[in-house]
Amino acid sequence: MTSRIEIQDLDFVIEGKQVLHRLSLSLSERRIGVVGRNGSGKSTLARLVAGLTAPTAGKIRINGHDLAKDRRRALQEVGILFQNPEHQIIFPTVGEEIAFGLEQQGYGKAEAASATASVLERFNLGHWKQTYVNTLSQGQKHLVCLMSVVAMAPRLLVLDEPFAGLDIPTKAQLNRYLRLYQGSLLHITHDPSDLAGYEHLIWLDQGRVQLAGPQAEVMSVYQEAMHIQGKADDLAHLSG
Ligand SMILES: Nc1ncnc2c1ncn2[C@@H]1O[C@H](COP(=O)(O)OP(=O)(O)OP(=O)(O)O)[C@@H](O)[C@H]1O
């Protein structure tokens, strides 16, 4: 069940700043990584793919749909996991948080409750149903967000640095789960090891695609370039 992401001549401008320039991509791989320096436009791309924002110009279609115009459809097609769980969680308890997304998708209360129970069981966290989210650690809140999106079973899961601040076992646990995820993943990360085994990689630089293609090939060119830029930054810093 792979997803098709079609982007044509997409521009995105916010507060007078052009963040993405004439982006064109046609993607149907199941595992896609996105890398690039801070501010290169990765999170902006994630929000556009999820239909949370509309392009200034150009076109974006996910499985043929314009998700910015069809929120109901967007909930079926794409789930997004943000870097900061505080931006995602709105309900006091874990159970309510997970059930909410399902109700948004059209589940009745009873159906949503049973699907919530089953996702909690899948993660061996049945006892979290009544737990107050504000009593959980940052990593545990991440897990709540992940459970909420996977419960909705979107065809495409967009991950915007989902492992920031997670301890090694929690990250390993999330990674194991994501490896088994049946749908497509679009995964933004600064850590190349998160993308081991991925098929495709997009390298964004200053709002443009610098390079895109098979993951291993693009990654080695990207890492080499980052290594060189890292050295240059040090020298600039020293000479300043
Ligand atoms: N709401 C906004 N208002 C003004 N500028 C914005 C807004 N959203 C994004 N930008 C600008 O767009 C550029 C790209 O931001 P974006 O968050 O997409 O980058 P990123 O590649 O995800 O960065 P990072 O790796 O640091 O998370 C940045 O220069 C940012 O300041």
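So, how was this worked out
- Residues numbered from 1 in each chain as written.
- Predicted model: local features only at pLDDT ≥ 70, side-chain atom pairs only at ≥ 80, totals over all residues.
- UniProt positions renumbered as here; feature names shortened; annotations may be inferred.
- Pairing = 2+ DSSP bridges.
- Helix = DSSP H or I, 4+ residues; strand = E, 2+ residues; numbered from the N terminus.
- Axes fitted to C-alpha atoms, helices over the stretch in contact; angles between N-to-C directions.
- Core = buried A, V, L, I, M, F, W, Y, C linked by C-beta atoms within 7 Å.
- Buried ≥ 20, exposed ≤ 12 C-beta atoms within 10 Å, placed from the backbone.
- Contact = placed C-beta atoms within 7 Å.
- Near = placed C-beta within 6 Å.
- Nonpolar A, V, L, I, M, F, W, Y, C, P; charged D, E, K, R; others polar.

Going by the annotation in an unreviewed UniProt entry, the name recorded for the protein chain is Energy-coupling factor ABC transporter ATP-binding protein, with Ruegeria aquimaris given as the source organism. Entered under Sequence similarities (unreviewed entry) in the UniProt record, the comment concerning the protein chain runs "Belongs to the ABC transporter superfamily."

Colleague: How would you sum up the sheet that holds strand β8 (residues 200-205)? Please name residues and give values.
Modeller: Whether parallel or antiparallel, the strands of a sheet pair through hydrogen bonds between backbone atoms. The sheet built from six strands is open, its strands ordered β5-β6-β7-β3-β8-β9 with mixed pairing. Only two strands of the sheet have a single partner each, and these edge strands are β5 (78-81) and β9 (208-214). For this sheet, the mean inter-axis angle between neighbouring strands, taken without regard to orientation, is 15 degrees. Pairing analysis gives five bridges linking strand β6 (residues 156-160) to strand β7 (residues 184-188), with the strands arranged parallel.

Colleague: How would you explain the nonpolar core if you had to name every residue and give the values?
Modeller: Counting 58 residues, the largest nonpolar core has Val49, Val78, Met147 and Val158 as the members making the most contacts within it. Per-element tally for this core: the top contributor is helix α5 (residues 138-151), with eight residues. When near neighbours in sequence (up to four residues on either side) are disregarded, Val158 contacts Ala46, Val49, Ala50, Val78, Ile80 and Leu186.

Colleague: Lay out the site of the ligand in plain terms, naming residues and giving numbers.
Modeller: Near the ligand the following residues occur: Ile14, Glu15, Lys17, Val19, Gly36, Asn38, Gly39, Ser40, Gly41, Lys42, Ser43 and Thr44. Mapped onto the shell around the ligand, the elements with two or more residues apiece are β2 (17-27) and α1 (42-49). Among the elements that make up the shell around the ligand, the one with the highest residue count is α1 (three residues). Looking at side-chain class alone, the shell around the ligand contains two nonpolar, seven polar and three charged residues.

Colleague: Lay out the environment of Glu224 in plain terms, naming residues and giving numbers.
Modeller: Relative to the helices and strands, Glu224 is located in helix α7 (residues 215-239). Judged by local crowding, Glu224 falls into the exposed class, with 10 C-beta atoms found within 10 Å. Spatially, the C-alpha atom of Glu224 lies 42 Å from that of Asn134, the residues being 90 residues apart in sequence.

Colleague: How would you summarise the pairing of strand β3 (residues 31-35) if you had to cite specific residues and measurements?
Modeller: By the criterion of burial, β3 is predominantly enclosed, with five of the five residues buried. Burial along β3 is two-sided: the face carrying Arg31, Gly33 and Val35 and the face carrying Ile32 and Val34 are both buried. Relative to β7, β3 is paired through four bridges, and the arrangement is parallel. Along β7, the bridge assignment pairs Val34 with Ile188.

Colleague: So, the pairing of strand β1 (residues 5-14): which residues are in play, and what are the values?
Modeller: Along any regular strand the residues' side chains alternate between the sheet's two faces. Pairing geometry for β1 and β2, over seven bridges, is antiparallel. Residue Glu6 lies in a different strand from β2, and its bridge partner there is Ser26. Where β1 and strand β4 (residues 57-62) come together, five bridges link them in antiparallel fashion. Each residue of the ladder has a partner; that of Asp11, found in β4, is Ala57.

Colleague: Quick one: what's the story with the environment of Gly101, residue by residue and with numbers?
Modeller: Mapped onto the secondary structure, Gly101 falls in helix α3 (residues 94-104). Judged by the 23 C-beta atoms lying within 10 Å of it, Gly101 is buried. With sequence-adjacent residues up to four places away left out, Gly101 is seen in contact with Ser148, Ala151 and Met152.

Colleague: Can you lay out α3 for me, pointing to particular residues and giving the numbers?
Modeller: Among the residues of α3, Val94, Glu97, Ile98, Ala99, Gly101 and Leu102 are the ones counted as buried. On its buried face, α3 sits against α4 (109-122) and α5.

Colleague: Residue-level account of the UniProt feature "domain: ABC transporter" (unreviewed entry) in the protein chain, with values.
Modeller: As annotated in UniProt, the feature "domain: ABC transporter" (unreviewed entry) corresponds to residues 5-231 in the numbering used here. Structurally, residues 5-231 comprises 37% helix and 26% strand, and the distance from its first C-alpha atom to its last is 35 Å.

Colleague: Mind laying out the sheet that holds β2, listing which residues take part and the relevant values?
Modeller: Reading across from one edge, β2-β1-β4 is the order of the three strands in this open sheet, with antiparallel pairing throughout. Each edge of the sheet is formed by a strand with only one pairing partner; in this case those strands are β2 and β4. Averaged over all neighbouring strand pairs, the angle between strand axes comes to 25 degrees, with direction disregarded.

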